[in-house]
Structures are given as C-alpha cells and as structure tokens.
Amino acid sequence: VVFSVFLVYCLFTPPAPLGGGGAPPPGAPGGAPPPPPPTALDIGKEGYEMGFFDIFKKGPASSGPLTVGAVAKGKAIPMTEIPDPAFSQGFVGFCCGIEPEDGKVYSPVDGVVSQVPDTLHAAGLEADGMELLVHCGVDTVDMKGQGFTMLVSEGQKVKKGDPLLTMDLDVIRAAGHPTTIITAVTNSDDFAGVEQAVSGPVQVGDDVLKVTKK
C-alpha cells in the first residue's frame, strides 16, 4: 500500500523547480517575454565585423616598375636620337625625348617641384625616389627665359598631367634651337634599370619611361 501511494505521488505530483523556486519559464503567464528571433543584422554581425577590420590589413606592396609619363603631345624618340650629346650619351641619366606638337608642357608624375631655373627652360621634379629633369629645347639656356612661361614654383606639389610651363616653339626655332623636350631620370644609377616604354606618337601622360627599383 505504501509503495502504491508513493508511485501515485511520483506520477501525478509536478516536480518543484530547481533551486527551490524562481521565475516561470519565458513565455509562461507572468514570465519574461521570449527573446526576439535573430535578424539578418545579428546573423551577419560577425561577418561584418571581420570584414570591417579587414580593411586595415595591408596587401602586398606593388613590385612593379615606376612609370614616367609623356610631358607633351607629340612623337617620342629614343635617347640616342636626342640632338644634344649631353643627353643622347646618357651623361645626365637615362632619358627620352619628345618632338612636341605644341608648346604645352605637363608634369610626368605625381611629385614635388624641386628646381626652377631663372632661365625658365626646365623644371626639376622628385617622385618616389626619382629625380627628374624636364628640359625644354636644346641649348635653350642661352635664351635666358625668352619664349618660356613657368607655371609652377619650387616646393609645389603637382599631379601627373598638371601644367608645368609653356614654350613658344616659333620663338625657339627662330633662335636656331631644336624644340625637343627631354625627360631624364638624373639619378638613374640609384635604380636597377630605366628603359623607354614607347616610341612614336604619344599623348600627354602616356608611359614613356619605366623605372625598376633595386
């Protein structure tokens, strides 16, 4: 009889909550509301956070060559064809020439203007370790600025394609000087190699020199 009473008690008496009481389960009358279902934002939160911090991870640095753009519209010629032995024999560094169609001269790189001579026929630039000379015409230093208008100043930052100066081709020819524009990497020895990228017709900004770092 005692066993039967104990069995009935076990089967029909609900068990007490663990801990001797407590709040009813979520969703039960008087209990806390059930948690809302997860949203797409919650589901994607971990992936979003990982993606957000991925933008601070730097990829591998480019190992490709540096490039120097055409400073004028015209015809690119190799160094050996420049009508000035100081340039054609590489005494000023590896270079190339452009026979210009007009007198507008532009920056070949993003960089800083490092030199502006009083004679206004040239400009020095520094960019990515390169020291560049843009020399307009041959022996035009003798013109003492006549026929040239400088548009930049020393220390000025420039972008590739920004105007540097203008040259009056007719005035230069009348003075007996070739109008070839020379772009030279004057510290060529600091690099593993400098080579001409193209010959023939070019537009402003076309790659004319490739410079490989050591």
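Residues numbered from 1 in each chain as written. Predicted model: local features only at pLDDT ≥ 70, side-chain atom pairs only at ≥ 80, totals over all residues. Heavy atoms only, no water.

Visitor: Just to check I follow, could you spell out the environment of Lys-144 for this structure?
Guide: Relative to the assigned elements, Lys-144 resides in the loop between strand S7 (130-136) and strand S8 (148-150). On the basis of relative accessibility, which here comes to 70%, the residue Lys-144 falls in the exposed class. As a C-alpha pair, Lys-144 and Leu-120 span 24 residues in sequence and 7.6 Å in three-dimensional space. (Helix = DSSP H or I, 4+ residues; strand = E, 2+ residues; numbered from the N terminus. Buried < 20%, exposed > 50% of the residue type's maximum accessible area, 1.4 Å probe, protein only.)

Visitor: Please explain unusual backbone geometry as it appears in this structure.
Guide: One can expect most non-glycine residues to show negative phi and most peptide bonds to be in trans. Located in the positive-phi region is Leu-120, a residue other than glycine, with phi close to 65 degrees. With respect to the secondary-structure elements, Leu-120 resides in the loop between strand S5 (111-115) and strand S6 (122-127). Overall, Leu-120 belongs to the partly exposed group, its relative accessible area being 24%. Even without being glycine, Asp-128 reaches a positive phi, approximately 50 degrees. Mapped onto the elements of the fold, Asp-128 is located in the loop between S6 and S7. Accessibility expressed as a relative area gives 55% for Asp-128, which makes it exposed.

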